[in-house]
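As a plain string of letters, each chain reads:
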Amino acid sequence: MFELGRNKILRGKREFNTVHSKGRSFANREMVIYILNDENLNGKAGFAAGKKLGCAVIRNRVKRILREAYRLNQHNIKQDCAIILVGRKNLIEAKADVAIKSFQEICKRAKIWID
RNA sequence: GCAGGUAGUCGAGGCGAUCGCGGUUAAUUUUUAAUCGAGGAAAGUCCGAACUCCACAGAGCGGCGUGCCGGAUAACGUCCGGCGGAAGUAAUUCCAGAGAUAGUGUCACAGAAAACAAACCGCCAAAUUUUUUGGUAAGGAUGAAACGGCAGGGUAAGAGCCUACCAGACGUGCAGUAAUGCUCGUGCUUGAUAAACCUCACGCGGAGCAAAACUAAAUAGGAAAUGGUUGAGGUUGCUCGCUGACAUUUCGGGUAAGUUGCUUGAGUUGUGCGGUAACGUACAAUCCAGAUAAAUGAUCGCCAUUAUUACAAAAUUCGGCUUAUUGACUGCCUGCCUCC
RNA sequence: GCUUGCUUAGCCCAGUUGGUAGAGCAUUUCCGUCACAUGGAAGGGGUCGAGGGUUCGAGUCCCCCAGCAAGCA
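Notes on the structure in this doc start here. Just so it is clear, the structure is predicted and the values come from calculations on it, not from any experiment.

Describing the nonpolar core
Thought 1: The biggest cluster of nonpolar side chains holds 29 residues, and the ones touching the most others in it are Ile 33, Ile 35, Tyr 70, Ile 83, Leu 85, Phe 103 and Ile 112.
Thought 2: Where this core is concerned, the elements lending two or more residues are strand E2 (31-36), strand E3 (45-49), helix H2 (56-72), strand E4 (82-87) and helix H3 (96-110).
Thought 3: Among the elements that take part in this core, H3 stands out by supplying 6 residues, more than any other.
Thought 4: Those residues in contact with Leu 85 that lie beyond four places of it in its chain are Met 31, Val 32, Ile 33, Gly 46, Phe 47, Ala 48, Leu 66, Tyr 70 and Phe 103.

And the structure:
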């Protein structure tokens, strides 16, 4: 019930660019999220970590933590939107529960949270 | 025991539970089960190959690389052994280590003079008289570097002018596959720089898996200008040779999806044999990631620890090099101290 | 993944065969002005991205790292 298969992940440069450029953005100290309501992309998520964070090991770790935060909370989020999560510097040393709380907080601010 | 040198191993957690990811194979159908799932550097892209395309790859000039000798290898700028030089008490480590008598260039400032030698001070002799002429390379000063060093003889003063020792050059002989080493002889002694041009020897065609091939879809298989079978364009920088009809720019439109390449290979492990070694060879065992917004993670408990943990993530594949790095362990060797 | 280029003063840049690192803007001081700007004069400020090598001597030549930027279906 917490699966996150391949069909639920944004694929290709085009899908990313549409969400990234057209979507609304929200940010806090740990991450930035982009949200877009698009019929073809709804229910999908993407994960990113910029080159400034560090080497490949650190970037992979940040993306995994973001994936974990989204995976455990995906049923509490409205299904009519596509989300991109981008990691920031505070997430490099952080544990998973920090990322989860941060994700819940930011979703409530974006008004896509359902209890 | 202390201090060092060298070769190598492990590689950061282990076990259990819950949630979850990628490949393969089964079932059956869209979910289950089994099994496998990052490194010693996967990194930098610095060399060398395999592989693919370009004439299944050609000629000349140019260009680039390598550079003591012998071997290893598919190949190499790598490795092993030896020689020479430098550092260290030693074990040992480091070296782009051919040629400066084929030619050209450069050597700032200082200094008399920076390369077919020359003569500022000085020294000696002669003249004349306070300067000139000749001899000289011992001494001084400058510089990174001054035309072998040092001692004795010799001389007007000096000088390889002569002699001994040392350094180098050339030649003879001996040892060694060779680099080179040793012996003897000849007064033969004529800077440095080749990571300056260059000479000699050897090697190199170009591009790279975003290479390349196939399938499917889409549309206006568009238009204009310039050049073009009197040869466009491609093939390396040029010339030849080969190929033989489109190429470039501007405007406008569309696709940028999937499959193959993609992992069985100069493979890995073990044992024996040959070789000082790099390595080779025989036999046996074994299959060990193959993704494409990109898979190894999260949480909790127990154990270990100074520490929730060094450096760090495959992207066509191998052989090296270089760089980053924690803690621990093992073998051998050297020097010093103590005891038996 | 592959292939290229660039790092020099606070900023933007020169530096041609190796020989004491320069210009413009900015900055400091002085002159000038009632005062400020413009103007004139003088001065300070550099580990030449880092480390090693060749050389008597490297910004420059060679090797090797770091950072930044660009291109390739």
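Don't stop here, the text continues.
Quick word on the pairing of E4
Thought 1: Counted residue by residue, E4 has 6 buried out of 6 residues, so it is predominantly covered.
Thought 2: Burial along E4 is two-sided: the face carrying Ala 82, Ile 84 and Val 86 and the face carrying Ile 83, Leu 85 and Gly 87 are both buried.
Thought 3: Examined bridge by bridge, E2 and E4 share 6 bridges and lie antiparallel to one another. Each bridged residue has a counterpart across the sheet, and for Met 31 the counterpart in E4 is Gly 87.

A few points about the environment of Gln 74
Thought 1: The residue Gln 74 is located in the loop between H2 and E4 in this model.
Thought 2: Expressed as a C-alpha distance, the spacing of Gln 74 and Lys 44, which sit 30 residues apart in the sequence, is 10 Å.

Section: the protein's contact with RNA strand B
Thought 1: Arg 6, Leu 10, Arg 64, Arg 71 and Ala 96 are the nearest of the 22 residues found near RNA strand B.
Thought 2: Taken together, the sugar and phosphate atoms account for 71% of what RNA strand B places within 4 Å of the protein.
Thought 3: Within the side chain of Arg 67, one N or O atom sits 3.1 Å away from a phosphate oxygen of RNA strand B.
Thought 4: Take Arg 71: an N or O atom from its side chain is 2.8 Å from a sugar or linking oxygen of RNA strand B.
Thought 5: Taken together, the elements giving at least two residues each to the surface near RNA strand B come down to helix H1 (12-22) and H2.
Thought 6: Top contributing element to the surface near RNA strand B by residue count: H2, with 8 residues.
Thought 7: Across the surface near RNA strand B, the residue classes break down as 10 nonpolar, 2 polar and 10 charged.

A short note on the sheet that holds E2
Where strands meet in a sheet, backbone hydrogen bonds hold them as pairs that are either parallel or antiparallel.
Thought 1: The strand order across the open sheet built from 4 strands is E1-E2-E4-E3, with neighbouring strands paired in mixed fashion. The open sheet is flanked by strand E1 (24-27) and E3, the only strands paired with a single partner. Taking each pair of neighbouring strands and ignoring which way they run, the sheet shows an average axis angle of 20 degrees.
Thought 2: Sheet analysis places E3 next to E4, joined by 5 bridges and oriented parallel. Bridging from a neighbouring strand, Gly 46 pairs with Ile 84 of E4.
Thought 3: Packing of H2 onto the sheet brings it into contact with E2, E3 and E4, and relative to E3 it is tilted by some 150 degrees.

Considering the pattern of salt bridges
Should the charged atoms of two oppositely charged side chains come close, the side chains can pair.
Thought 1: All chains considered together, the criterion is met by 2 salt bridges.
Thought 2: When the shortest N-O distance is used, the salt bridge between Arg 71 and Glu 68 registers 2.7 Å. Here the residue Arg 71 and the residue Glu 68 both occupy positions in helix H2, the gap between them amounting to 3 residues, near one helical turn.
Thought 3: Residue Arg 71 is classed as partly exposed on the basis of its relative accessible area, which comes to 24%.
Thought 4: As a salt-bridge pair, Arg 109 and Glu 105 come within 3.2 Å of each other at their nearest N and O atoms. Taken as a pair, Arg 109 and Glu 105 lie in helix H3 at a separation of 4 residues, close to a single helical turn.
Thought 5: Arg 109 gets classed as partly exposed once you look at its relative accessible area, which sits at 41%.

What counts, and where the lines are drawn
- Residues numbered from 1 in each chain as written.
- Chains lettered and ligands numbered in written order.
- Predicted model: local features only at pLDDT ≥ 70, side-chain atom pairs only at ≥ 80, totals over all residues.
- Heavy atoms only, no water.
- Core = buried A, V, L, I, M, F, W, Y, C linked by side-chain atoms within 4.5 Å.
- Buried < 20%, exposed > 50% of the residue type's maximum accessible area, 1.4 Å probe, protein only.
- Helix = DSSP H or I, 4+ residues; strand = E, 2+ residues; numbered from the N terminus.
- Contact = heavy atoms within 4.5 Å.
- Pairing = 2+ DSSP bridges.
- Near = heavy atom within 4 Å.
- Polar contact = N/O pair within 3.5 Å; in protein donor to acceptor, adjacent residues only side chain to side chain.
- Nonpolar A, V, L, I, M, F, W, Y, C, P; charged D, E, K, R; others polar.
- Axes fitted to C-alpha atoms, helices over the stretch in contact; angles between N-to-C directions.
- Salt bridge = Lys/Arg side-chain N within 4 Å of Asp/Glu carboxyl O.

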